[in-house]
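The lines below spell out each chain.
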Amino acid sequence: MASNYLISLAIFNGFLFVFLILISSTTAATANQTLSCSQTPYPELCSSMTATSSNSGNAQTSLRELSLRATLARAQLVHQLASTADLAGLDPPALAAWADCLELCQDTVVKLNRSLLPECSHEDSQTWLSATMANQHTCRNGFLELNSSAHLPSSPFYSHNITSAISNLLAINKAAAAAADTRGGGGRSRKLLSSEFPAWVSAADRRLLQSAGSVKADVVVAKDGSGNYKTIAEAVAAAKQRSGSSRFVIHVKAGVYNEYVEITVKNLMIVGDGMGSTIVTGNRNIVDGSTTFQSATFAVVGDGFIARDITFENTAGPQKQQAVALRSGSDLSVFYRCEIKGYQDTLYVYSQRQFYRNCDVYGTVDFIFGDAAVVLQNCNIYCLKPSSGQKNTVTAQGRSDPNENTGISVHNSVVAAAGDLAGVKSYLGRPWKQYSRTVFMKTSIGSLIDPAGWLEWSGDFALSTLYYGEYMNSGAGAATSGRVKWPGYHIITSASEAEKFTVGSFLSGDSWIPSTGVPYTSGL
């Protein structure tokens, strides 16, 4: 690294603090008490970061704002140091991972800023803070998975305690939300709707999604030249030039589009001519030098994204290991009648609130994974034949902090084999991170699933801290008598417990999905 970077880093090292042992997260039981740094997972770091303020107002409110501002300043410093560092000595894997980290660090800055807005609810803030936690781990994973020489504690992405500061924020914001609920001033009442889509989907978007024929598109993509553009990327670039923030609809006609697409604009809708007819395809993978994050054929960052009647695929094959077909970090995003095809790591439900309805997902190892708050409803989940010696795992949820509001909920769906899986053991999931959370509810589970149901990640890692649940499933693989006996595994018998993982409760979907027009079931 360049000397100016080392000097900057050395100066900042004077502000580093000792990590303390993780303590219990703040719960609703303590919400009506005055929250102090002593109740956060890293109390000394919390105290040090907020010590310069003389604010003596409401303890919970002021502590939340002080911690947000202090964490934001630290994240901005990290981005500045990383942006100006001399990277001449880094190998190609390190450069690839570094690029991911810069993008993710910038996203963290944006989400911390959004959490400071006066109109930001505690629920929104918890979603965005959970996403910043995912950013931290994704940054580090890139260096690890590519065996990069830059995987060093001295890099700016590692050395400023951002992860611990975000963990403190998650605890503080959760306690502030509980206190607001107790006072009756901060809760959100979600009216359950009889529509098949959650409420955050507007009436106009609902019509777009439910229309039987072709929709009125702003631009048309066609490989044969009959549209406005021949590639999806060109149409997305045009969407960036539009004025206002209204829904922009791109119709992609039938055809195979061999291109890599990233959606950064908000309120974009992609409409194809049907699964298997409109196909976006690629083959990036980790073996050939991509990070998992950047291997996605189709990636979505802009909030409010909708996709309908389209196939996203990664054709790298099982031997190429991690190879993502679709990655979504879009808040309040909806995928309706979409097909997502790949092998390992097919569908990367990266972060924030997502809803999948009437979709088909194919894969082998950890093929629905990530740290979003996501519900897959009325979907078909198909296991393919993996590489020799591999086991199939449907999910690998990445919740790393107990206060994150994330998890994977599979509701009223089907888990089945696609082809011959003779000799292949298949499982519903395994714990990628310490507080991994996944539930299967009212789903048909085929005989391909091993009687144990779930697979360890490594020894007893996370078996006591995860939350895996099954509720009223059916099919030859749904019997729970032979399931794992882990402390974190639950056979859910209470409808009220299962209700926590429905679209209405888990995603607050009644407030945003109806506007998209996608059908959905709010409750069980």
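Note that the structure is a prediction, hence the values are computed from the model and not measured. Just so you know, the residues in each chain are numbered from 1, in the order the chain's sequence is written. This being a predicted model, a pLDDT of at least 70 is required before a residue's local features are given, and a value of 80 or more before pairs of side-chain atoms are given or counted; all residues contribute to the totals for chains, interfaces and linings. Computation of side-chain values covers all heavy atoms of the structure but excludes hydrogens and water.

S.K.: What's the story with the packing of aromatic side chains in this structure? I'm lost.
M.R.: Centre-to-centre distance and the angle between the planes together describe a pair of aromatic rings. Here the aromatic set is Phe, Tyr and Trp, taking the six-membered ring for Trp, and pairing holds for ring centres within 6.5 Å; pairs whose planes are under 30 degrees apart are stacked, those over 60 apart are edge-to-face, and all others are tilted. Under the definition given, this model contains 18 aromatic pairs. Between Phe 355 and Tyr 520 the ring centres are 6.2 Å apart and the planes differ by 80°, which places this aromatic pair in the edge-to-face class. With a gap of 165 residues between them, Phe 355 in strand β12 (residues 353-357) and Tyr 520 in the segment after α10 (503-506) connect regions that are remote in the sequence. For the residue pair Phe 355 and Tyr 520, the accessibility class agrees, reading buried in each case. Under the DSSP-based scheme used, a helix requires at least four consecutive residues in state H or I and a strand at least two consecutive residues in state E, with every element numbered from the N terminus. Type-normalised accessible area, obtained with a 1.4 Å probe on protein chains alone, sets the label of each residue: buried when under 20%, exposed when over 50%, and partly exposed for intermediate values.

S.K.: Sorry if this is basic, but what is going on with the sheet that holds strand β11 (residues 347-349) here?
M.R.: The strands that make up a sheet are held in pairs by hydrogen bonds between backbone atoms, and each pair lies either parallel or antiparallel. In spatial order, the strands read β4-β7-β9-β11-β14-β17-β20; together these seven strands make up an open sheet with parallel pairing. The open sheet is flanked by β4 (261-263) and β20 (426-429), the only strands paired with a single partner. For this sheet, the mean angle separating the axes of adjacent strands, direction not counted, is 15°. DSSP calls a pair of strands paired once it identifies at least 2 bridges connecting them. Angles run from 0 to 180 degrees between N-to-C directions of axes, and those axes are lines fitted to C-alpha atoms, restricted for helices to the stretch in contact.

S.K.: Can you help me understand unusual backbone geometry in this one?
M.R.: Leave glycine aside and you will find that most residues have negative phi; peptide bonds, for their part, are mostly trans. A positive phi angle, near 55°, is found at Arg 337, a position not held by glycine. Along the chain, Arg 337 falls in strand β10 (residues 333-341). If you check the backbone angles, Asn 412 has positive phi at about 55° while not being a glycine. Mapping Asn 412 onto the fold places it in the loop between β18 (407-411) and β19 (414-417). For Asn 412, a relative accessible area of 39% puts it in the partly exposed group.

S.K.: Is there a simple way to explain the pairing of β12 in this structure?
M.R.: The buried count for β12 comes to five of five residues, which makes it a mostly enclosed element. As judged from the four bridges shared by β10 and β12, these two strands associate in the parallel manner. Bridging from a neighbouring strand, Val 334 pairs with Phe 355 of β12. Taken together, the five bridges between β12 and strand β15 (residues 373-377) define a ladder with parallel strand orientation. Residue pairing across strands places Phe 355 opposite Val 375, the latter belonging to β15.

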